[in-house]
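# Summary of the model geometry
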Amino acid sequence: MKIDRVETFLVPPRWLFCRVQTDEGVVGWGEPVVEGRAEVVRAAVDVLAEYLIGQDPLRIQDHWQVLTKGGFYRGGPVLSSAVAGLDQALWDIAGKTYGVPVHALLGGPVRDRARVYAWVGGDEPAVLAEHIAAQVEAGFTAVKMNAAGVTSPITTPAETAAVVDRVAVAREALGPDRDVAVDFHGRFTPASARRVLAELAPLHPLFAEEPLLPDLAHLLPALVAASPVPVATGERLYSRAEFLPALTAGVAVAQPDLSHAGGITEVLRIAALAETYGALLAPHCPLGPIALAASLQVAWVTPNFLIQEQSRGIHYNKRADLLSYVVDTEPFRFTDGYAHRTALPGLGVEVDETAVRAADRDGHAWRNPVWRQPDGTFAEW
């Protein structure tokens, strides 16, 4: 069996899918994308496809080595994301070839269901409470929310209070038996993050996500040591080597993205590395169904898995949502806040190819907003 075709599809709301076809008719799907730079990743996939055409798709580990290391210049989000999507597709082909789910090829499951969380928006406390109530009604036991929007270099008393007040609303709506994770999104300086984390501690967030920009990883040890809230990071880290400083700093939760950090092959290694540091795995995934399906295959076999992000109803999803491009929605049915393991072959997702090809004809040009401080300087989004 040989790979004879690699295609990419730019589909709303902001995703990129890839389709890898073999000469025996087995097709694998992946989701290689950098949000806001999907066209650039598409070009990278096209370049990497030059190597894959004519190759045996089942030599996944060898292909991963060549795709990541075969060029003199390595790493970075674009290359790692291109490799990630192709890696997902190759695992999908392997599972379909052998007639088993990917998790069976990885040694078999350690769990039957995986806890998932929902995103809740709304900057106003009343709206936030309504959104959380809706997710609780839907059965979710955990939600995630942004800490703040544009944030001053050092938070004012009013800004700090606003963060705490909103998380307090979430805690009140959730009660003591459910969880809220707070996403700092790299918008806070180290001084502001320390200040806000201390104030949030009595509300017991599940974790504080990206309290520092990845550029400031050298400051993580001091922040983690000072934080009474478990610290999570990793959506903008793309390899074991990049995760190592965060893990040695003592972060509680590693958050690699299956569409950014080298795919299933590398995220499994990141998970194993995290386990040696006592850290838990919570894959980042505000993306589409293929990325989520790949994330769940990792969840089924990872002992130190904590919780899974998913994008149904997230505010980014305009023109399409999580289930827009799948034939069978059952693998993405969450009950009591959990996704349930299936025995479907490959990644366990049946892509609606007709819908994907139709969506690609219009495509998208999603870009994240550019924010400014009151004085006109750039602000982290």
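Everything below is about the structure printed above this text.
Nothing here was measured: the structure is a model prediction, and the numbers come from that model. (Residues numbered from 1 in each chain as written. Predicted model: local features only at pLDDT ≥ 70, side-chain atom pairs only at ≥ 80, totals over all residues. Heavy atoms only, no water.)

## Regarding the pairing of strand β4 (residues 113–119)
- Of all 7 residues in β4, 6 are buried, a share of seventy percent or more.
- Sheet topology places β4 next to strand β12 (residues 338–340); 3 bridges connect them, and they run antiparallel. In the sheet register, alanine 114 faces β12, and the bridge partner there is alanine 339.
- Here β4 runs beside strand β11 (residues 308–309); their pairing, made up of 2 bridges, is parallel. Paired with valine 116 across the strands is glutamine 308, a residue of β11. (Buried < 20%, exposed > 50% of the residue type's maximum accessible area, 1.4 Å probe, protein only. Helix = DSSP H or I, 4+ residues; strand = E, 2+ residues; numbered from the N terminus. Pairing = 2+ DSSP bridges.)

## A word on the side chain of threonine 160
- Along the chain, threonine 160 turns up in helix α6 (residues 157–174).
- By relative accessible area, threonine 160 is classed as buried at 8%.
- Beyond its immediate sequence surroundings of up to four residues, threonine 160 is in contact with Thr155, Arg195, Val196 and Glu199. (Contact = heavy atoms within 4.5 Å.)

## What to know about the layout of surface pockets
- Here the largest pocket defines a volume of roughly 770 Å³.
- If you go around the largest pocket, you meet 33 residues; those closest to its centre are Glu35, Glu235, Arg236, Asn368 and Trp381.
- Counting only elements with at least two residues in the lining of the largest pocket, the list comes to α3 (77–98) and β5 (142–146).
- Looking at the lining of the largest pocket residue by residue, the classes come out as 15 nonpolar, 6 polar and 12 charged. (1 Å grid on protein atoms, 1.4 Å probe; cavity = no way out; pocket = protein on both sides within 12 Å on 5 of 7 lines; lining within 4 Å. Points joined across faces, edges and corners; volume = space filled by probe spheres on them. Nonpolar A, V, L, I, M, F, W, Y, C, P; charged D, E, K, R; others polar.)

## Focus: empty space enclosed by the protein
- This model, assessed by the stated rule, comprises 1 cavity of 30 Å³ or more.
- For the largest cavity, the calculated volume is near 100 Å³.
- Surrounding the largest cavity, Ala293, Leu296, Gln297, Trp300, Pro331, Phe332, His340, Arg341, Thr342, Leu347 and Gly348 form its lining.
- Of the residues that constitute the lining of the largest cavity, the class distribution is 6 nonpolar, 4 polar and 1 charged.

## Observations concerning the sheet that holds strand β1 (residues 3–11)
- One open sheet accounts for 3 strands, arranged β1-β2-β3; its pairing is antiparallel. In this open sheet, the two strands that pair with only one neighbour each are β1 and β3 (27–30). In this sheet, neighbouring strand axes are inclined to one another by 20° on average, regardless of whether the strands run parallel or antiparallel.
- Two strands pair when backbone bridges link them, and β1 and strand β2 (residues 15–22) are joined in this way by 8 bridges, in the antiparallel orientation. Bridge pairing links phenylalanine 9 to phenylalanine 17 in β2. (Axes fitted to C-alpha atoms, helices over the stretch in contact; angles between N-to-C directions.)

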